[in-house]
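# Observations on the three-dimensional arrangement
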Amino acid sequence: MNDQYHPQKIEEMAQKYWEQHQTFKTEATSDKEKFYCLSMFPYPSGQLHVGHVRNYTLGDVIARFKRMKGYHVMHPIGWDAFGMPAEGAAIKHQTAPADWTYQNIAAMTVQLKKLGFSFDWTREMTTCKPEYYKWEQWLFTILYQKGLIYRKFSAVNWCPQDETVLANEQVENGRCWRCDTLVERKELPQWFLKITDYSDELLAGLEELSAWPEQVKAMQKNWIGRSEGIDIDFKVFDSPVDQYDILTAYTTRPDTLMGVNCLVLAAEHPLSLAISEKNTVLATFIQTCKQTQVSETTLSVIEKKGMNLGLEVAHPLTGERLPVWVANYVLMDYGSGVVMSVPGHDKRDWEFAKSYYLPIKQVIASKTEIDIEAAPFLQTGCLIQSGEFDHLDCQVAWRLIADRLVKEKKAALKVNYRLRDWGISRQRYWGTPIPMCYLEDDTVMCVPEEELPVILPESVHLNGMQSPLKEDLKWQQIDHKGQLAKRETDTLDTFIESSWYYARFCCPHFQEGMLDVKQTQYWLPVDQYVGGIEHACMHLLYARFFHKILRDLDLVQCSEPFKRLLCQGMVLADAFYIENEAGVKSWIAAADVTIERNEKGRLIQAKHTESGQLVSYAGMLKMSKSKQNGIDPQSLILHYGADTVRLYLLFAAPPEQQLEWSSSGTEGAYRFLKKLWKMVWHDLDRGALPAVNKAGLNKLQKKLYQHIHQVIHKVTDDIDRRQTFNTAISSIMELLNALSKQTISKDDQDAAIHRAGLQAITCLLAPMTPHISHVLWQKYALEKEMTWPLYDPDMLIVDQVTYVVQVNGKMRARFEAETNCSEDTIFQMALSQKNVKNSIGNQSIKKMIWVPNKLVSIVLSS
RNA sequence: GCGGCGGUGGUGGAAUCGGUAUACACGACAGACUUAAAAUCUGUUGACCCUAGGUCGUGCGGGUUCAAGUCCCGCCCGCCGCACCA
């Protein structure tokens, strides 16, 4: 080795060392304090992308930092191996999902290892293996017996051409992505997990998560959506269905009850269906309603369409006859499938009333004039046009009306949640088989515990439509005490695997049960969880829910799984395209584009290098295969080494912000490491040096030595408390710049300080660029293990500060003063500044403000 | 549509508790070294002006304050999520 930085050699060396010494293998217990650091495990899609690298780099920095601080760190990795892409790939490549998955895992393992992450590979888990999903099936049967799992009919996206269920992402503009057929809603029997039993606890638990980002807690709170309201009964006149002589609608605004203009039913409501039997126009309308996707997004943006059912209900207070409508924006799955329409004071009802010319009645008044025909009034105020309730405040009227209805047994107070029970059935092959079976007499029963796991056959052929499980009659058929039984052919939602993997990492090879309580008790909760913000609601809520289930089964002790959460932003890159006459964009990789910039560096023109054709710049977009703007981490590592890639990803943006990829930025990170390498190499040439004698330093030496300790202080705080690795790195860069500009005289202390600075930088960088730090440290200290540097509190005390003087809010001067000078002294000094004198002129001073060690603000009388 | 987040030089970003706006890095320009290039090093770099100084400037429009990128009100734009992608 020489003063040239060769990352490939260095990284291979460091990785070999860690592997031989089993540096990152975690023992079951230790005298040290434990720290469990977890990055969300990856779906084995085949290639590691930069988003993954960012995720694992962030987690690795924290894990390595804590290890250097002396914690007993667990930092595991595994594979979220079930999922739809494997089925797609299997069809495309004429292989089985299992083969494709295992190949990807092998390839991605190699890539992960090249990045030098401090994973404990002995804890590696793969969720598609029976030893993992066995316990999921076991839990399913326990929860079924406890009544937390039930079966009901629920809607799915159905392609009538392919006769298959489609995921929301497989529906494009309401049509099947494969055959362009209009997608329908179809009701199927499906399994549900009663997450709503835990609504209140999931909401209350957010309070104790003080180390979670506020935004994520806000999103979860809104997702759970607790509201207080009442269920109101509307008596139906001459109902065609006996059980439906009453329709119940939930509302949070009983104060607007006098403004109801109609009830609106879902197309699948039994009353709508009953009436449609004798009404072909209605039947056709209901049929078209079914051509809406099962997603809230679609529901909220579709044009609201409805039809009068010709049915009437009685207003619960006045007895007035109100019409009943059916509409496409009300779904049977949510609530009771009945909505009480108050167009004057609800946006959706207002839009619906407008398109069908229904009466809009204002029953709440504001202090200002309102035109209820121009827009609904959504705030609170005083009641009007509400008979005896006129002039009452909304809040008072709310109580009064609710109490009256409850007393008359026409309503009941109710707490409602937006959160719905979790549908966990999937009509797909590549997932955990649901451990249920059906006897010939339709009795539903669990597969007995001793017969678990129900193994998913791995050698299968996929046709792109039907799940192989549904065609495999042999697999389906089982014998139950001499009776013929049929297995459930649906599989579990893959969110289930990711809802408890963090707990299994505590005891990945435990065979006596789902979890080893001793281990979960020691390791849980996860001290630091790192993952994408896109999981803010679903995955993180499901995992919190599972944790509470596991706690109630005495498998874990605490109530929340993740103590601290870091949500990283996406990785973006430049995207270019050529648009043809039909407006279809074809995306061009940046490597095939020649860019022309003006003298400021702004892009003015881009051309396709090969054809010379003009190319449009789409800006920075999320990296994706389809946009051709993905960056392959492997080629980056080959060129710059893992340390450079890690350093750049940490430096380019704070972790929770989106990160814009730039190749010149990577060059900059590389340059920095080259410079560090060279400087350390030259320092090593100086041989043995005395220690820094902090009492005997001259002014300049002391300033530089203080700088070192200020940087140690800042980097520690930036990594530990703030988690802003970008600012940590920039302050390290500043220190290296200062050291490179230092003139080293014959005085030993100059060289000693220089070395102290370089050694501090080597350690401070170790969590971020572990390979170069490891090798440089070995050069310096031979066998001694690297620990996190401590700052000297004495060295943080500065004796001079810079004051700023503002006159009428404008910065006019700055001056140096000794720390902790008195107010009077500082005012005198401020007023004696030449430029301050000029700004004041002959005006009189009205007020002077003093901010100690910082600023003086002079206000002149106008 | 609903919920959450963001917008600062040519670019990524910094400013941590309302107190020096633009740290650090990239790019650009100039110079040193070199036969030359690469690499490296040094310097300059928000805009404008009457240039020892001043005016303007953190998406837009208002407000609070001695003082606002930061707080409040109203907009515009972009991104993420919306329950079968993971």
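How each quantity is defined
- Just so you know, the residues in each chain are numbered from 1, in the order the chain's sequence is written.
- Working convention: letters from A go to chains and numbers from 1 go to ligands, in the order in which they are written.
- Reporting of local features is limited, given that this is a predicted model, to residues whose pLDDT is at least 70; pairs of side-chain atoms are given and counted only at 80 or more, and all residues count toward the totals for whole chains, interfaces and linings.
- Side-chain figures throughout are based on the complete set of non-hydrogen atoms in the structure, without hydrogens or water.
- Strands were regarded as paired on the criterion that DSSP finds at least two bridges between them.
- In this text, helices come from DSSP runs of H or I with a minimum length of four residues, and strands from runs of E with a minimum of two, each type numbered from the N-terminal end.
- Whenever a helix is involved, its axis is fitted only over the stretch in contact; in every case the axis is a line through C-alpha atoms, and angles between N-to-C directions fall within 0 to 180 degrees.
- By definition, residues are in contact when any of their heavy atoms lie within 4.5 Å.
- We define a salt bridge as a side-chain nitrogen of Lys or Arg found within 4 Å of a carboxyl oxygen belonging to Asp or Glu.
- Each residue is assigned to one of three classes by its accessible area relative to the maximum for its type, calculated with a 1.4 Å probe on protein chains only: buried under 20%, partly exposed between the two thresholds, exposed over 50%.
- Whether a residue is near a molecule or strand is decided by its heavy atoms; if any one of them lies within 4 Å of it, the residue is near.
- Whenever a nitrogen or oxygen atom comes within 3.5 Å of another N or O atom, the pair is scored as a polar contact, on the condition that within protein one atom can donate a hydrogen and the other can accept it, and that pairs from neighbouring residues in sequence are kept only if both atoms are in side chains.
- Residues are grouped as follows: Ala, Val, Leu, Ile, Met, Phe, Trp, Tyr, Cys and Pro are nonpolar; Asp, Glu, Lys and Arg are charged; all remaining types, including Gly, are polar.

The subject of this paragraph is the sheet that holds strand β37 (residues 855–860). Overall, mixed pairing links the 4 strands, which are arranged β35-β34-β37-β36 in an open sheet. In this open sheet, the two edge strands, each paired with only one partner strand, are β35 (810–818) and β36 (845–851). Recorded for the sheet is a direction-independent mean angle of 20° between the axes of neighbouring strands. Where strand β34 (residues 800–807) meets β35, 8 bridges bridge the pair, whose relative direction is antiparallel. Bridge pairing links valine 804 to arginine 814 in β35. Along the sheet, helix α25 (residues 823–831) contacts β34, β35, β36 and β37; its crossing angle with β36, the most-contacted strand, is approximately 120°.

What follows concerns the pattern of salt bridges. Considering all chains together, one arrives at 35 salt bridges under this definition. Residues aspartate 552 and arginine 551 are paired through a salt bridge, measuring 3.0 Å at the closest nitrogen-oxygen approach. Accessibility expressed as a relative area gives 37% for aspartate 552, which makes it partly exposed. In this structure, the salt-bridge partner of aspartate 799 is lysine 702, at a minimum N-O distance of 4.0 Å. Here the residue aspartate 799 occupies a position in the loop between α24 (770–781) and β34, and lysine 702 occupies one in helix α21 (residues 699–722), the gap between them amounting to 97 residues. A relative accessible area of 48% places aspartate 799 in the partly exposed class. Lysine 702 gets classed as partly exposed once you look at its relative accessible area, which sits at 30%. Several salt bridges converge on common partners, so that one network encompasses Glu201, Arg544, Lys548, Arg551, Asp552 and Glu560.

With that out of the way, let us pick up the protein's contact with RNA strand B. What surrounds RNA strand B is a group of 73 residues, the closest being Arg428, Lys714, Arg721, Arg814 and Ser857. When atoms of RNA strand B within 4 Å of the protein are sorted by moiety, sugar and phosphate together comprise 61%. Between RNA strand B and methionine 84, the relevant distance is 3.0 Å, taken from a phosphate oxygen to a main-chain nitrogen or oxygen of the residue. Threonine 297 is positioned such that a nitrogen or oxygen atom in its side chain is 3.4 Å from a base nitrogen of RNA strand B. The leading source of residues in the surface near RNA strand B is helix α22 (residues 725–741), at 6 residues. In the surface near RNA strand B, the residues fall into 22 nonpolar, 25 polar and 26 charged.

With that settled, the discussion passes to unusual backbone geometry. Omega for the bond connecting leucine 452 with proline 453 falls within 30 degrees of zero, at 0°, which places this linkage in the cis form. Assignment of secondary structure puts proline 453 in the loop between β22 (444–446) and α13 (468–471). Phi angles above zero are rare outside glycine, and glutamine 94 is one such case at about 55°. Along the polypeptide, glutamine 94 turns up in the loop between α3 (84–92) and α4 (97–114). By relative accessible area, glutamine 94 is classed as exposed at 64%. A positive phi angle, close to 50°, is found at asparagine 808, a residue other than glycine.

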